[in-house]
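Single-letter residue listing:
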Amino acid sequence: MLIREAEADDWPRIWPFWHRIVAAGETYAWDPDTTEEAARALWMAPVKRVYVAEDDSGAVVGSAYVMPNYGGPAARIANAGFMVDPDRAGEGIGRALAEHVLAVAKAAGYRGMVFNAVVETNPAVTLWTSLGFTILGTVPGAYEHPRFGRVGLHIMYRAL
Ligand SMILES: CC(C)(COP(=O)(O)OP(=O)(O)OC[C@H]1O[C@@H](n2cnc3c(N)ncnc32)[C@H](O)[C@@H]1OP(=O)(O)O)[C@@H](O)C(=O)NCCC(=O)NCCS
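Overview of the structure. (Residues numbered from 1 in each chain as written. Predicted model: local features only at pLDDT ≥ 70, side-chain atom pairs only at ≥ 80, totals over all residues.)

1. Thoughts on the nonpolar core
Alright, step 1. Core analysis: the largest hydrophobic core is formed by 27 residues, its most contacted members being Y51, A64, A80, L97, V101 and A105.
Alright, step 2. Listed by contribution, the elements that provide at least two residues to this core are α1 (11-24), β2 (49-54), β3 (60-68), β4 (77-84) and α3 (93-107).
Alright, step 3. Not counting residues within four places of it along the chain, the set of residues in contact with A105 comprises V66, A78, Y110, M113 and L160.
Alright, step 4. Core analysis: the second largest hydrophobic core is formed by 8 residues, V118, W128, Y143 and L153 among them. (Core = buried A, V, L, I, M, F, W, Y, C linked by C-beta atoms within 7 Å. Buried ≥ 20, exposed ≤ 12 C-beta atoms within 10 Å, placed from the backbone. Helix = DSSP H or I, 4+ residues; strand = E, 2+ residues; numbered from the N terminus. Contact = placed C-beta atoms within 7 Å.)

2. Overview of the site of the ligand
Alright, step 1. Neighbouring the ligand are 19 residues; T27, G94, R95, P123 and L127 lie closest to it.
Alright, step 2. When contributions to the shell around the ligand are tallied by element, the ones reaching two or more residues are β4, α3, β5 (112-119) and α4 (124-130).
Alright, step 3. By residue class, the composition of the shell around the ligand is 11 nonpolar, 6 polar and 2 charged. (Near = placed C-beta within 6 Å. Nonpolar A, V, L, I, M, F, W, Y, C, P; charged D, E, K, R; others polar.)

3. Remarks on the packing of α1 against helix α2 (residues 36-43)
Alright, step 1. Close contact between α1 and α2 brings their axes to 11 Å; oriented N to C, the two are set at 105 degrees. Comparing their axes, α2 and α1 come out roughly perpendicular. Contact with α1, carried on its side by W11, I14, W15, W18 and H19, involves E36, A39, R40 and W43 of α2 and no other residues of that element. (Axes fitted to C-alpha atoms, helices over the stretch in contact; angles between N-to-C directions. Parallel < 35°, antiparallel > 145°, perpendicular 65-115°, else oblique.)

4. A look at the pairing of strand β6 (residues 134-145)
Alright, step 1. When you tally the buried positions in β6, you get 1 out of 12 residues, a small fraction of the element.
Alright, step 2. Where β6 and strand β7 (residues 149-159) come together, 8 bridges link them in antiparallel fashion. In the strand pairing of β7, G137 is matched with I155.
Alright, step 3. Remark: 3 residues form the turn of the hairpin made by β6 and β7, two consecutive strands paired antiparallel. (Pairing = 2+ DSSP bridges.)

5. As for the sheet that holds strand β1 (residues 2-5)
Alright, step 1. Overall, mixed pairing links the 7 strands, which are arranged β1-β2-β3-β4-β5-β7-β6 in an open sheet. Because the sheet does not close on itself, it has two edges, and the strands there are β1 and β6. The sheet shows a mean angle of 25 degrees between the axes of neighbouring strands, taken without regard to direction.
Alright, step 2. Taken together, the 6 bridges between β2 and β3 define a ladder with antiparallel strand orientation. Note on β3: the bridge partner recorded for R49 is V66.

In structure tokens form, the structure reads like this:
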């Protein structure tokens, strides 16, 4: 598998799994009906450094971004987002993307990384914890999950 910086023409290969993940409404605090154009503006925003994971056949199987979570004197705290094609879940792609993004964020001078809204029922919490993130707090009942009802949103942090 290859992890590389995304190019503009990668978007059509990100969109199918982006849409599937956001439309499911279980993991991101984005409108499940987000249009493709709005999604591209969100995920490929100029402020973000975007990466894709390509499998050996050249298929784009995951994507991630890193960006400043705050501005000005706090701009060295990063935020990141991750998506892996649900058809390719559990193959280690998410962990590889996360390790890559943590390394490039550190190399870029970020001193820490914050996830602002990790749905507490998301199995990814285990992945983030295993990578050294801790839960700073939880916004109770903030997220209306289609299967579990109102669940909390964790704010997670790791120093770099
Ligand atoms: C979260 C996500 C990026 C993980 O990607 P992945 O390629 O499936 O994850 P990996 O195969 O690298 O698994 C890494 C770890 O995550 C955990 N994990 C991931 N998905 C899991 C699941 N469905 N059930 C249980 N554990 C899971 C496991 O602890 C696994 O541990 P291991 O590396 O010791 O085996 C992917 O599931 C995804 O895109 N989910 C939807 C979007 C999302 O939730 N993004 C994160 C928002 S905070």
